[in-house]
Amino acid sequence: MDVHVGSRVRLRRMLLGMSQEKLGEHLGLTFQQVQKYEKGVNRIGASRLFDLARVLGVPVQFFYDEAPSGAQSAGATIPGFAEQPDESYVVDFLSTREGLELNKAFARVSDPKVRRSIVDLVRALAGEES
């Protein structure tokens, strides 16, 4: 859970275009401490999570969104949900600089035909049939 919460901190910070150093300044921390939080090395306490939510402009619940359940993280499947695909790779991708840049640039493309062409191009490059 610490890794998930940290990755959500990183995602939001990157969406805002904020550096680890700048976030640390707002919280009275070093950028190294912010790094440890984002990697899940150090657990984020309740009051610090509240401060992070305030500085990053999100509700505290944001950090828990899309969190794996205890059963799933332990490797067990939940009856009736075993057929659902694991889409955590999407969050992982969006947490990268490339994923964030690609997503922001794609969102600025207003022509639906161009957007469709971009999706088709990426699928072709990935070796996936459309």
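Look a little higher up for the structure.
The rules behind the values
- Here the residue index of a chain counts from 1 through its sequence in written order.
- Thresholds applied to this predicted model are a pLDDT of at least 70 for local features of residues and 80 or more for the giving and counting of side-chain atom pairs; totals over whole chains, interfaces and linings are not thresholded and use all residues.
- Heavy atoms from the whole structure form the basis of all side-chain values; hydrogens and water molecules are not counted.
- Strands are runs of DSSP state E lasting at least 2 residues, helices are runs of H or I lasting at least 4, and numbering of each runs from the N terminus.
- Any residue under 20% of the maximum accessible area for its type is buried, any over 50% is exposed, and the rest in between are partly exposed; the area is computed with a 1.4 Å probe on protein chains only.
- Any two residues whose heavy atoms approach within 4.5 Å are treated as being in contact.
- A 1.4 Å probe and the Shrake-Rupley method give the accessible areas. Residues count as covered only by the protein chains that appear here.
- In this analysis an axis means a line fitted to C-alpha atoms, helices contributing only their contacting stretch, and an angle means the value between N-to-C directions, from 0 to 180 degrees.
- Working rule for handedness: look at the near helix, and if it is turned counterclockwise from the far one by less than a right angle, call the crossing left-handed; if clockwise, right-handed.
- Patch members must show over 30% relative accessible area and no salt bridge, and they are joined within 9 Å when carrying like charges or within 5 Å when they are nonpolar side chains of Val, Leu, Ile, Met, Phe, Trp or Tyr.
- For this document, the term salt bridge refers to a Lys or Arg side-chain nitrogen within 4 Å of an Asp or Glu carboxyl oxygen.
- Planes of paired rings set the category: under 30 degrees apart is stacked, over 60 is edge-to-face and the rest tilted, where pairs are Phe, Tyr or Trp rings (Trp by its six-membered ring) whose centres lie within 6.5 Å.
- In this analysis the charged atom, NZ for Lys or CZ for Arg, is taken to sit over a ring once it is within 6 Å of the ring centre and within 35 degrees of the ring normal.

Undergrad: Would you mind going over the overall build of the protein with me for this structure?
TA: Secondary structure summary: the protein contains eight helices and zero strands in total. When the helices and strands of the protein are listed from N to C terminus, the series reads α-α-α-α-α-α-α-α. When the 130 residues of the protein are sorted by exposure, 26% land in the buried category. Put simply, 56% of the contacts in the protein that link residues at least 6 apart link residues at least 24 apart. Accessible surface for the protein amounts to roughly 8900 Å². Of this, 55% is attributable to carbon and sulfur atoms.

Undergrad: I keep staring at the packing of helix H2 (residues 20-27) against helix H4 (residues 46-56) and nothing clicks. Help me out?
TA: Axes are the key here: two packed helices are described by the angle between their axes and the distance separating the axes. Two numbers describe how H2 lies on H4: the axes approach to 10 Å, and their chain directions differ by 120°. You can see that H2 and H4 cross each other, and the crossing is right-handed. Within the contact between the two elements, H2 uses Leu23, His26 and Leu27 and H4 uses Arg48, Asp51, Leu52, Val55 and Leu56.

Undergrad: I keep staring at a nonpolar patch on the surface and nothing clicks. Help me out?
TA: Among the surface-exposed residues, Met1, Phe50, Val60 and Tyr64 lie close enough to one another that they form a single nonpolar patch of about 380 Å² accessible area. With respect to the element layout, Tyr64 can be found in the loop between H4 and helix H5 (70-73). Relative accessible area serves as the criterion here: at 34%, Tyr64 is assigned to the partly exposed category.

Undergrad: Help me understand the packing of aromatic side chains in this model?
TA: Two aromatic rings, taken as a pair, are described by how far apart their centres are and by the angle between their planes. Applying the stated criterion across every chain yields a total of one aromatic pair. Between Phe62 and Phe63, the aromatic rings sit 5.6 Å apart at their centres with planes inclined by 80°, giving edge-to-face as the arrangement. Taking relative accessible area as the criterion, Phe63 reaches 0% and is therefore assigned buried. Positioned above the aromatic ring of Phe62 is the side chain of Arg8, whose terminal nitrogen or guanidinium carbon lies 4.1 Å from the ring centre.

Undergrad: Looking at this structure, I do not really get the pattern of salt bridges. What am I missing?
TA: Think of it this way: side chains of opposite charge can pair up when their charged atoms draw near. According to the stated counting rule, one finds six salt bridges in the structure shown. Between Arg8 and Asp65 there is a salt bridge, with the nearest N and O atoms lying 3.9 Å from each other. With Arg8 in helix H1 (residues 2-15) and Asp65 in the loop between H4 and H5, the pair connects residues that are 57 residues apart, well separated along the chain. Taking the shortest distance from any N to any O, the salt bridge between Glu25 and Lys22 comes out at 3.7 Å. Here the residue Glu25 and the residue Lys22 both occupy positions in helix H2, the gap between them amounting to three residues, near one helical turn. Classification of Lys22 by relative accessible area gives partly exposed; the value is 41%.

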